[in-house]
Amino acid sequence: MRWTLKIEPNKQKVEQLAKDLQIDKTLAKILCQRNITTFNEARKYFRPSLDDIHNPFLMKDMDLAVARIEKAISNNENILVFGDYDVDGTTAVSLVSSYLKTIHPNIATYIPDRYEEGYGVSYMGIDFAEDNDFSLIIALDCGIKAIEKVAYAKQKNIDFIICDHHKPGKEIPKAIAVLNPKQEDCNYPFDELCGCGVGFKLIQALGVSRNQTTEHFVPYLDLVATAIAADIVPMNGENRTLAYFGLQVINSQPRNGIKAIIHQIKKEELTITDVVFIIAPRINAAGRMKHGNYAVELLTEMNLDTAIEFAAAIEIFNADRKDLDKKITDEALIQIIDNNEEECFTSVVYKEDWHKGVIGIVASRLIENYYRPTLVFTKSGDKLAASARSVKGFDVYNALLQCEEFIEQFGGHKYAAGLTLLPENYENFKNKFEEVVKNTIDKEFLTPEIAIDAEIDLLEITDKFFRIIQQMAPFGPMNMKPVFKSTCVRDNGYGKQVGADKTHLKLNVFQGDNQKTYNAIGFNLGDKIEFVQDEFDIVYTLDENEWNGYKSVQLVLKDLK
């Protein structure tokens, strides 16, 4: 593990902010590191407001999209809401279809089959639209590269509205409207929305002529917050506002489908981390193990008892998914060793019967073992399909771009992508990808980094200090939970390994002459027990621990040396 302290911000700005907000300098420094340097910026950050949600008509083509949907409504056309099978796609389809049903009866949804159709807009989906007399398809969380498919639909007199957030290629599909803030000629003020976020902007725009304000759309934000958390988009700007209010909906009045998932886990209040690790995997499990339609049915179900039945079925999918991803991860790790690839710059593995639904999770698991850009391939029809995952700082999308000659199609982001190729190109692709990464990656990126916000004495952790840290939530990329470093701490002698197989570390630490001890837990740090006999340094985040109704601040250790 590399420990790196973040760059010190401007000292005068820190001092001024500390004075204006009446907080200590450490907290002011952390805010300045996040580009929050004035009283007004801090107020906006700590007190998100619905007024911070941008006018949807600032997005390129929004007026065209709204006009086409209004025309479909007045002509009584059938509208098909089409979306990807992951969390971002299924939440987007649930959001847009449930709103459209409040203003127009002829709405249906379509999620492509992960195994038969693969990612994105599909010919099967367009044929389904033709067979069932749909003249308008709204594609969510996909479509920005569907040039041939949109042209195919046009031949059948089917119009497309594309709502996507993936990187556009050189050519844009000739749809009626393309809503994607990442387009170079789109002047929308925030370009890091998720797919469900773009869908939210569409319904927000449709509400304008119906005199519906942003408040009217707050009940839909439980879906948007779930997608933001699951899709790992930056937790700043408009995303942070949408997630902040979405979390409030999840914790107060969630839709029945989310209520049914929460009902099974018996947790009082959910954080964005709970959404990532509890709600999102269950929604995802439906599309991974069975079909994304299950997720849409769960998220749009109006009857709570029925939603609870759906959630119970999805719970089984999720358990199956966990077993499967563990089994495939073990097989992939053996493959790396058998091929003598432990010292490579990349992990590229393939087995034809690996379950396509979990290869993305397996890629993430492999990175926990071999910290480097990773691709996991499986057979999909007569092609090979892969999920790619990257390490912090390395753009895997750009690396794939340099291997284009061996790829049939691909799409994605800096840190995650999907692709297909012909079986005969696998070895050539694998060699080229290794070569590209070897020649372009900064070698430092191959060691996991812990970025530290500030070095502090344990004494600085007061109730007020912790309360302000909590108010910085929701956390996520670009607004991560602050990480602290404290040096020369000691354990009070009761430190021990805990957990069924002693994998975790439980300590009570203190510093210097100050005898106040702090409860600390280090997940998967059990093997570091030997370091705690003497003084040691720690990096950690702060969390609230509740035991027998008593709440206290707990240090969550990330590493110690």
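Above this note sits the structure.
Residues numbered from 1 in each chain as written. Predicted model: local features only at pLDDT ≥ 70, side-chain atom pairs only at ≥ 80, totals over all residues. Heavy atoms only, no water.

## Regarding the sheet that holds strand β3 (residues 107-110)
- The strand order β3-β2-β4-β5-β6 describes an open sheet built from 5 strands, whose pairing is parallel. Edge positions in the sheet fall to β3 and β6 (177-179), since each of these pairs with one other strand and no more. Taking the axes of each pair of neighbouring strands and ignoring which way they run, one obtains an average angle of 20 degrees across the sheet.
- Across 6 bridges, strand β2 (residues 78-83) lies against strand β4 (residues 134-140) in parallel orientation. In the strand pairing of β4, F82 is matched with A139. (Pairing = 2+ DSSP bridges. Helix = DSSP H or I, 4+ residues; strand = E, 2+ residues; numbered from the N terminus. Axes fitted to C-alpha atoms, helices over the stretch in contact; angles between N-to-C directions.)

## Remarks on the environment of S94
- For S94, the position within the fold is in helix α5 (residues 87-100).
- Every residue in contact with S94, bar those within four places of it in the chain, is listed here: L223, V296, L299 and T300.
- Looking at S94, its side chain comes within polar contact range of the main-chain oxygen of T90, at 2.7 Å. (Contact = heavy atoms within 4.5 Å. Polar contact = N/O pair within 3.5 Å; in protein donor to acceptor, adjacent residues only side chain to side chain.)

## Focus on the packing of helix α13 (residues 292-300) against helix α14 (residues 304-338)
- Closest axis-to-axis distance for the α13/α14 pair is 9 Å, and the angle between their directions is 145 degrees. As for the relative orientation of α13 and α14, their crossing is left-handed in sense. When α13 is examined against α14, the residues Y294, A295, E297 and L298 are found in contact with a partner set consisting of A307, F310, A311, I314 and F317.
- Class assignment of the residues belonging to the contact of α13 with α14 gives a composition of 8 nonpolar, no polar and 1 charged. (Left-handed = near helix turned anticlockwise from the far one by under 90°. Nonpolar A, V, L, I, M, F, W, Y, C, P; charged D, E, K, R; others polar.)

## Looking at the sheet that holds strand β11 (residues 416-421)
- Taken together, 5 strands build an open sheet; the order of strands is β7-β8-β9-β11-β10 and the sheet is mixed. Two strands bound the open sheet, and with one partner strand each, they are β7 (347-350) and β10 (409-412). Mean inter-strand twist for the sheet, computed between neighbouring axes without regard to direction, equals 15 degrees.
- As paired elements, β10 and β11 share 4 bridges and run antiparallel to each other. Looking at β11, one finds that F410 is bridged to L419.
- Seen against the sheet, helix α15 (residues 359-369) touches β7, β8 (374-380) and β9 (383-389) and runs at an angle of roughly 45 degrees to β9.
- This element, helix α17 (residues 426-440), spans β7, β8, β9 and β11 of the sheet and lies at about 165 degrees to β7.

## Observations regarding the state of the cysteines
- In this structure the tally under the stated criterion is 0 disulfides.
- Lacking any disulfide linkage, C196 is separated from the closest cysteine sulfur, that of C194, by 5.4 Å.
- Residue classification places C196 among the buried positions, given a relative accessible area of 0%. (Disulfide = S-S within 2.5 Å. Buried < 20%, exposed > 50% of the residue type's maximum accessible area, 1.4 Å probe, protein only.)

## Observations regarding helix α7 (residues 147-155)
- Among all positions of α7, only K149, V150 and A153 are buried. Seen end-on, α7 carries its buried residues on one side only, within an arc spanning 100 degrees. Counted as exposed and oriented over 90 degrees from the buried face of α7: E148, K154 and Q155.
- Here the buried face of α7 lies against α6 (123-131) and β5 (159-163).
- Phi turns positive, to about 60 degrees, at N157, one or two residues after α7. (Arc of directions from axis to C-beta.)

## Some words on helix α1 (residues 11-21)
- Restricting attention to buried positions, one finds in α1 the residues V14, L17 and A18. Looking straight down α1, one finds its buried side chains confined to an arc of 100 degrees; they lie on one side. Facing away from the buried surface of α1 by more than 90 degrees, the exposed residues are Q12 and K19.
- For α1, the secondary structure elements touched by its buried residues are α2 (25-33) and α3 (39-46).
- Capping of α1 at its N-terminal end is provided by N10; its side-chain oxygen lies 2.9 Å from the backbone amide nitrogen of Q12.

## Observations regarding the packing of aromatic side chains
- The final tally for this structure, using the stated rule, is 18 aromatic pairs.
- A centroid spacing of 6.1 Å and a plane angle of 20 degrees characterise the contact between F128 and F134, whose relative ring orientation is stacked.
- Aromatic pair F377 and Y426: ring centres 5.2 Å apart, planes at 85 degrees, arrangement edge-to-face. Placement of the pair is F377 in strand β8 and Y426 in helix α17, with a sequence separation of 49 residues. There is no split in this pair, since F377 and Y426 are both buried. (Phe/Tyr/Trp six-rings, centres within 6.5 Å; stacked < 30°, edge-to-face > 60°.)

## Quick look at the pairing of β11
- As paired elements, β9 and β11 share 6 bridges and run antiparallel to each other. Counted as the bridge partner of A385 is T420 from β11.
- Connecting β10 to the antiparallel partner β11 that follows it, the hairpin turn spans 3 residues.

## Details of the pattern of salt bridges
- Per the stated rule, a full pass over the model turns up 32 salt bridges.
- Notably, a salt bridge pairs E77 with R68, separated by 2.8 Å at the nearest N-O pair. Exposure class is identical for E77 and R68. Each is buried.
- One salt bridge in this structure joins E192 and K182, with 3.8 Å as the shortest N-O distance. Linking E192 in the loop between β6 and α8 (195-208) with K182 in the loop between β6 and α8, this pair joins segments that are 10 residues apart in sequence. (Salt bridge = Lys/Arg side-chain N within 4 Å of Asp/Glu carboxyl O.)

## Digging into the nonpolar core
- Counting 79 residues, the largest nonpolar core has I69, L95, L100, I138, F200, L202 and I279 as the members making the most contacts within it.
- Of all hydrophobic cores here, the second largest spans 40 residues; its members include C32, A454, L458 and F536. (Core = buried A, V, L, I, M, F, W, Y, C linked by side-chain atoms within 4.5 Å.)

## Regarding unusual backbone geometry
- Across the junction of A473 and P474, the peptide omega takes the value 5 degrees, indicating a cis bond.
- Among the secondary structure elements, P474 is positioned in the loop between α18 (463-470) and β14 (484-491).
- You will see that N35, though not glycine, has its phi angle at about 65 degrees, which is positive.
- Judged by relative accessible area, N35 falls into the exposed class, the value being 64%.

## Some remarks on the side chain of S122
- Within the element layout of this structure, S122 appears in the loop between β3 and α6.
- Within the local environment of S122, its side chain forms a polar contact with the side chain of E117, the two groups lying 2.6 Å apart.
- Apart from residues no more than four positions distant in its own chain, S122 is found in contact with F82, Y110, P112, E117 and K149.

Bear in mind that shape data such as this cannot, by itself, settle questions of function.
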